[in-house]
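Architecture and fold: a report
One letter stands for each residue in the lines below.
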Amino acid sequence: MGTGRAISGSNSLSDPTYRGCTACIEVKLGKLSENDIVQVAVYARELIIQQHNRRFAYGLLLSATHACLVQYDRAGLMYSAKIRVHQTPTTLIRFILGLASLDERALGFDDNIYWGPDGNRRLDVNINGVVESLPALQEAPLFFRMSIRGRGTIAWSVDYRGSRALVKYAWRAVDRKPELEFLECVKKAGLKGVGQLIFGGEAELISENRWGKERRMRHHHSQPGTKPKTEVPVWISDRRYCYLVMKHWGRCLDHFTTKLELLTAFRDAIAGHRALLEIGILHRDVSLRNILLGDPNDVGNRGILIDLDLALEVGRASSNAATDFRTGTRAFQSLRILSGGGHHNYFDDLESFFYVLCWIYFCYE
């Protein structure tokens, strides 16, 4: 357990909860196994869900004779060899001292997201070289992903110079074009019906949090049950931490209050998708949560299409990217993408729009 402005905002320890937990330690009576690493991953996931400013989380496995340190991050996990605590006690001491560090960042927290002296959340954001402290408008984020591995997207509603804005953090794959670049194209073209960028930037790589270790070693066995003969390096899928400050629109599409509001918002979101395609951007992740209610009095911005994390640069109509059921939101994917045929194009996204409307029709009370 720990206290501090990035951990709990309190100066005193409370009863043990995930919210104030700095690292999890699992003690086993028997031998340590890989299944124990999976068990501690459940605790690490709970830290990420409840603390909202985790870059990574540590777990320590202990038995009467061995210890193993595990780091869980957006690329998966990395763990040490099982050390013999009675033969190398100094290594165990180093593990404990590391998990008891006074440096919140070293424990895996993003110390740019913290509790202010007034007891409210604040976000320090570098905007054009100047760090601005933005007060969050609510204690919890508007949206966050609950999985350990992946983009780890989290979005906060903040007060930006007297206006409401959205700050979005995510870990993007390094081989994917940044959403920031797509949004800059949108801003330059002055498109309607699409999320509007104020400012954005990027920070560290996952491999930097792993002390530059971009790979791990995997044992290859010649026959089942034999000792490993070779070790082959396997590269991790590296990711970069990035942030976006964007104009804050309304709630998700399914929070409409009239049929007219629903249909006009739906229409403008489709028009925004077409406008993106006309400047060479294919969205590829049309879903209920990625369509927001906009300004009901501003034709073109009554519905807003957001989240260009999975977008691609394409020609006017088609894409060279093969369909992949892992890209997008499963419930709204086209039949062709689910069957893995051809290349992803705008017809697939239009089919996703249709399924969004079906979802609302069938689920609305």
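Going by the structure above, here's the rest.
Residues numbered from 1 in each chain as written. Predicted model: local features only at pLDDT ≥ 70, side-chain atom pairs only at ≥ 80, totals over all residues. Heavy atoms only, no water.

What about the overall build of the protein?
Looking only at helices and strands, the protein features 7 helices and 19 strands. Residues counted as buried form 49% of the 365 residues belonging to the protein. Put simply, the protein shows about 19300 Å² of open surface, and 55% of that area lies on carbon and sulfur atoms. (Helix = DSSP H or I, 4+ residues; strand = E, 2+ residues; numbered from the N terminus. Buried < 20%, exposed > 50% of the residue type's maximum accessible area, 1.4 Å probe, protein only. Areas by Shrake-Rupley, 256 points an atom, 1.4 Å probe, with all protein chains shown as cover.)

What about the packing of aromatic side chains?
All told, the structure shown has 8 aromatic pairs when counted by the stated rule. Taken together, a centroid distance of 5.3 Å and an interplanar angle of 75° make the contact between F56 and Y58 edge-to-face. Assessed through its relative accessible area of 10%, Y58 is described here as buried. Note on Y169 and Y241: the rings are 5.8 Å apart at their centroids and 20° apart in plane angle, and the pair reads as stacked. Residue Y169 is found in strand β11 (residues 163-173), and its partner Y241 is found in strand β15 (residues 239-247); the two are separated by 72 residues along the sequence. Since its relative accessible area comes to 4%, Y169 is described here as buried. Overall, Y241 belongs to the buried group, its relative accessible area being 10%. Directly above the aromatic system of Y114 lies the positively charged group of R5, at a separation of 3.8 Å from the ring centroid. (Phe/Tyr/Trp six-rings, centres within 6.5 Å; stacked < 30°, edge-to-face > 60°. Lys NZ or Arg CZ within 6 Å of the ring centre and 35° of its normal.)

What to know about the pattern of salt bridges
Oppositely charged side chains can pair when the atoms bearing their charge come close. If you walk through the whole model with that rule in mind, you get 23 salt bridges. Between D36 and K28 there is a salt bridge, with the nearest N and O atoms lying 3.6 Å from each other. Of the charged contacts in the structure, one is a salt bridge between R289 and D254, with a shortest N-O distance of 3.7 Å. A residue pair is termed long-range when its members are at least 10 positions apart, and R289 in the loop between β16 (281-282) and β17 (291-293) and D254 in the loop between β15 and α5 (259-278) qualify at 35 residues. A single salt-bridge network, built from bridges that share partners, covers R55, R105, D110, D111 and E204. (Salt bridge = Lys/Arg side-chain N within 4 Å of Asp/Glu carboxyl O.)

The analysis is restricted to geometry; functional conclusions fall outside its scope.
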